[in-house]
Amino acid sequence: NSFVMRTNTCGELRSAHVGQEVTLYGWIQYQRQGLFLVLRDFQGLTQIIIPQDEAHSHVKKLLSDAPVESVVRVTGIVSPRPPGQENPKMPTGDIEVKAVTAEILNSCKKLPFEIKDFIKKSEALRMQYRYLDLRSFQMQYNLRLRSQIVMRMREYLCNLHGFVDVETPTLFKRTPGGAKEFLVPSREVGKFYSLPQSPQQFKQLLMVGGLDRYFQVARCYRDEGSRPDRQPEFTQIDIEMSFVDQAGIQRLIEGLLQYSWPEERGSITTPFPSMTYEEALADYGTDKPDTRFGMKIVDISDFLRRSDIQFVQNVLSYPCGTVKAIRIPQGVRYLKNKDLESLKESAKSQFNQEIMEIICRPDGSLKSLLTKFLDEKQQSELIQALNMQVDDVVLLAVGEYKQVCSALGSLRLESADLLEAAGLVLRDPTAFHFLWLVDFPLFLPKEEDPTELESAHHPFTAPHPSDTSLLYSDPMKVRSQHYDLVLNGNEVGGGSIRIHSAEQQRFVLEKVLKEDSEVLSHLLEALEFGAPPHGGIALGLDRLISLIVDAPSIRDVIAFPKSFRGRDLMGNAPEYVTPEELEPYHIQVSWPLADKEAKKP
């Protein structure tokens, strides 16, 4: 209560304060028949008794007539609640304040929605009136917890481990590869700045500059269009260190998260388990596996290789042909026929992958199109290979390895959603399963042209020490020193050991990625001036906090987020500007014909 006019907050009064005169400021949360009201501020709620005697009639009228969510000052005496009227659910539930004087500081007009967490509101309405939405208990909790976690991270990095907090520029130039960047016009004809998608180049340059340990709560920008749970501007905990290896970065991050982890979410155990990219793809069909539940992908290629099923033999004759399956426990009991059909349709539409189902009947026999090709002994072996129990459903896929893994990985998660919707608890919402994913490929074929390569992470990632020679002979086989941190099936961090040799960096850019290295001439030149070996990581702060508080969207942990179309619904941005405002930037807007017609007076 330092620096302010109140004597106490609305959340701190207890029986020990009985008899004291207090002055409270806050919002009227609730008012009942001119008898009492509940006053709310950032810290909690206090019940205010409205005086009924003639001497205080003006106070009664003032407080009885004030609309909900009006801001008021109340001065009164703390009293114990009458016996039997205590509220154990409220921290201030043993007391009430008998109002003596009051003042309406600002009256509230009719609200677009009630400020209560249990009242359903459309997200568009919440974002249009974000300043009202921020008054809710949940949003207050989310933003305050976020602030506490960031503060603990600063303590750990700066005070305990000697990191230097450095702000890097927001106006920079285009970076080759990666996400699409926002352009900012300059007053030089035809020249534009780019908003950085991360401070990647600057943090490497700080290592060349000898800062040794850098950290920043960094604002980043990506022009990714309409993506449901992404934001065009977001926040990273950005870190870089000199003279470090992959294990050193991983130990640092484990310590950082353990130190900043909120007590009310239990403790986290370190070291975090580790899994290679190939293991994750084979067992979970994704590079961000949710390890809170089983239902792993099982490879039954060797078993079916011995069968007489012609279409399976045809697929297995190819080098990348495979047969894999997932077992849905108690699928018959929890899934309807339409659920199984939707799973098969999902694999077909998203991955062009056909799915065959196998059902284990109550008598232990199998129901499937596959069974007519298998004798009893083979069926028994199949049950063993898949560890099938009565009422289990198996989804089986035959085809190209990566396509099959990705399709089954997606079906694994969709099946879990369906089972949980039907009442089976698979994923403990209070559990936090961290996982390091390592040994990613350094390069991947481009989707639009598979004969060309792109960086799996970014072009500054160093090759795995054992694979350096392959970089010059067979770059597709090179593993990288890139590592991702996964939490409950969500990527919450990614980093790598960087290339610190100018010669190797130039080779990757020019010969492997076919990029114009001139755009990065400043970085390549810096690497020639005695650049130390270095590496780093960035944690996605918005995603991490949303998982900690179990928010349905990252927008629930950002004070003023954009809509999924990238719009600010409260301030109505972006918006049109006049030709006169564009003139200094040498830009003219070319309107499509339909828009031109719409803008005619």
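It should be emphasised that the depicted structure is a prediction, and the values quoted were computed from it without experimental measurement. (Residues numbered from 1 in each chain as written. Predicted model: local features only at pLDDT ≥ 70, side-chain atom pairs only at ≥ 80, totals over all residues. Heavy atoms only, no water.)

Engineer: Outline the overall build of the chain, supporting the account with residue identities and numerical values.
Structural biologist: If you tally the helices and strands in the chain, you get 19 helices and 22 strands. Overall, the chain is about 95 × 75 × 65 Å in size when its C-alpha atoms are taken along their principal axes. A burial count over the chain gives 46% of its 601 residues as buried. Excluding contacts between residues fewer than 6 apart, the proportion of contacts in the chain whose partners are at least 24 apart in sequence is 67%. Only carbon and sulfur atoms are counted for the fraction: they give 53% of the accessible area of the chain, which is about 31100 Å². Averaged over its 69 positive side-chain charges, the chain has a centre that lies 4 Å from the centre of its 82 negative ones. (Helix = DSSP H or I, 4+ residues; strand = E, 2+ residues; numbered from the N terminus. Buried < 20%, exposed > 50% of the residue type's maximum accessible area, 1.4 Å probe, protein only. Contact = heavy atoms within 4.5 Å. Areas by Shrake-Rupley, 256 points an atom, 1.4 Å probe, with all protein chains shown as cover. Lys, Arg positive; Asp, Glu negative; His and termini not counted. Charge placed at Lys NZ, Arg CZ, Asp CG, Glu CD.)

Engineer: Can you tell me about the nonpolar core, naming the residues and giving the values?
Structural biologist: In this structure, I239, I253, L257, F434 and L485 are the most contacted members of the largest nonpolar core, which totals 50 residues. Examining the composition of this core, we find that six residues originate from one element, helix α4 (residues 137–160), more than from any other. Discounting residues that sit within four places of it in the chain, L257 has contacts with M153, I268, F272, F434, L485, L539 and L544. By size, the runner-up hydrophobic cluster in this structure holds 20 residues, among which are F303, V323, M388 and L396. (Core = buried A, V, L, I, M, F, W, Y, C linked by side-chain atoms within 4.5 Å.)

Engineer: Describe in detail the state of the cysteines, supporting the description with residues and values.
Structural biologist: Counted by the stated rule, this structure contains zero disulfides. With no disulfide of its own, C10 lies 16 Å from the sulfur of C108, the closest cysteine sulfur. The class for C10 is buried, based on a relative accessible area of 0%. (Disulfide = S-S within 2.5 Å.)

Engineer: So, the domain arrangement of the chain: which residues are in play, and what are the values?
Structural biologist: Annotation of the chain at the domain level lists domain 1 (15–106), domain 2 (141–275 + 434–557) and domain 3 (293–422). Taking only C-alpha atoms into account, the centre of domain 2 sits 37 Å from that of domain 3. (Domains from an automatic or database assignment.)

Engineer: So what about the sheet that holds strand β5 (residues 95–106)? Which residues, and what values?
Structural biologist: Ordered in space as β1-β2-β3-β5-β4, the five strands form a closed barrel in which the pairing is mixed. On average, adjacent strands in this sheet sit at an angle of 55° to one another, irrespective of strand direction. Across two bridges, strand β3 (residues 44–49) lies against β5 in parallel orientation. By the bridge assignment for β5, I48 is matched with V97. Contacting β1 (21–32), β2 (36–41), β4 (71–80) and β5, helix α1 (residues 57–65) runs over the sheet at an angle of about 75° to β5. (Pairing = 2+ DSSP bridges. Axes fitted to C-alpha atoms, helices over the stretch in contact; angles between N-to-C directions.)

Engineer: Quick one: what's the story with the environment of P362, residue by residue and with numbers?
Structural biologist: When you line up the elements, P362 lands in the loop between β14 (355–360) and β15 (366–367). Through-space distance from the C-alpha of P362 to that of G209 is 70 Å; in sequence the pair is 153 residues apart.

Engineer: Explain the pattern of salt bridges to me, and be specific about the residues and the numbers.
Structural biologist: Per the counting criterion, the structure on display carries 37 salt bridges. Note that E233 and K562 form a salt bridge whose closest N and O atoms lie 2.6 Å from each other. Taken as a pair, E233 in strand β10 (residues 233–242) and K562 in the loop between α17 (541–548) and α18 (579–582) lie far apart in primary sequence, 329 residues in all. Owing to a relative accessible area of 25%, E233 belongs among the partly exposed residues under this scheme. Its salt-bridge partner being R292, residue D290 comes within 2.7 Å of it at the nearest N-O pair. Using a relative accessible area of 4% as the deciding quantity, one classes D290 as buried. R292 sits in the partly exposed class, given a relative accessible area of 21%. Taken together, the shared-partner salt bridges connect R126, R130, D133 and D556 into one network. (Salt bridge = Lys/Arg side-chain N within 4 Å of Asp/Glu carboxyl O.)

Engineer: Break down the sheet that holds strand β22 (residues 534–540) for me, citing the residues and quoting the values.
Structural biologist: Within the open sheet, the eight strands sit side by side as β6-β9-β10-β22-β21-β20-β17-β11. Their pairing is mixed. Two strands lie at the open edges of the sheet, namely β6 (164–165) and β11 (274–276), each paired on one side alone. Two elements, strand β20 (residues 482–487) and strand β21 (residues 490–497), share six bridges in a ladder whose sense is antiparallel. Along β21, the bridge assignment pairs L487 with N490. Each of β11 and β17 (434–438) is contacted by helix α7 (residues 277–284), which is oriented at about 85° to β11, the strand it contacts most.

Engineer: Quick rundown of the pairing of strand β13 (residues 321–328)? Include the residues and the values.
Structural biologist: Of all eight residues making up β13, seven are buried, and the element is well covered by its neighbours. By the bridge criterion, two bridges tie strand β12 (residues 298–299) to β13 in an arrangement that is antiparallel. By the bridge assignment, D299 is partnered in β13 with K324. Of the strand pairs in this sheet, β13 and strand β16 (residues 393–400) are connected by eight bridges, and their pairing is antiparallel. Within the sheet, the bridge partner assigned to K324 lies in β16 and is A397.

Engineer: Which residues make up helix α13 (residues 401–421), and what are the values?
Structural biologist: Side chains of residues three or four places apart in an α-helix project in the same direction, reflecting 3.6 residues per turn. Here α13 is 21 residues long and its end C-alpha atoms lie 30 Å apart, about the 30 Å a rise of 1.5 Å per residue gives. Within α13 the residues assigned to the buried category are V404, C405, A407, L408, G409, S410, L411, R412, S415, A416 and L419. Considering only its buried residues, α13 is in contact with α7, β13, α10 (331–334), α11 (337–351), β14 and β16. (Expected span 1.5 Å × (residues − 1).)

Engineer: Could you give an account of the packing of α11 against α13, naming the residues involved and the relevant values?
Structural biologist: Relative to each other, α11 and α13 sit at 145°, their axes nearing to 10 Å. The element α11 and its partner α13 pack so that their crossing is right-handed. Here α11 contributes D339, L343, S346, A347, Q350 and F351 to the contact with α13, which in turn contributes Q403, S406, A407, S410, L411, E414, S415 and L418. Here the residues of the contact of α11 with α13 sort into six nonpolar, six polar and two charged. (Left-handed = near helix turned anticlockwise from the far one by under 90°. Nonpolar A, V, L, I, M, F, W, Y, C, P; charged D, E, K, R; others polar.)

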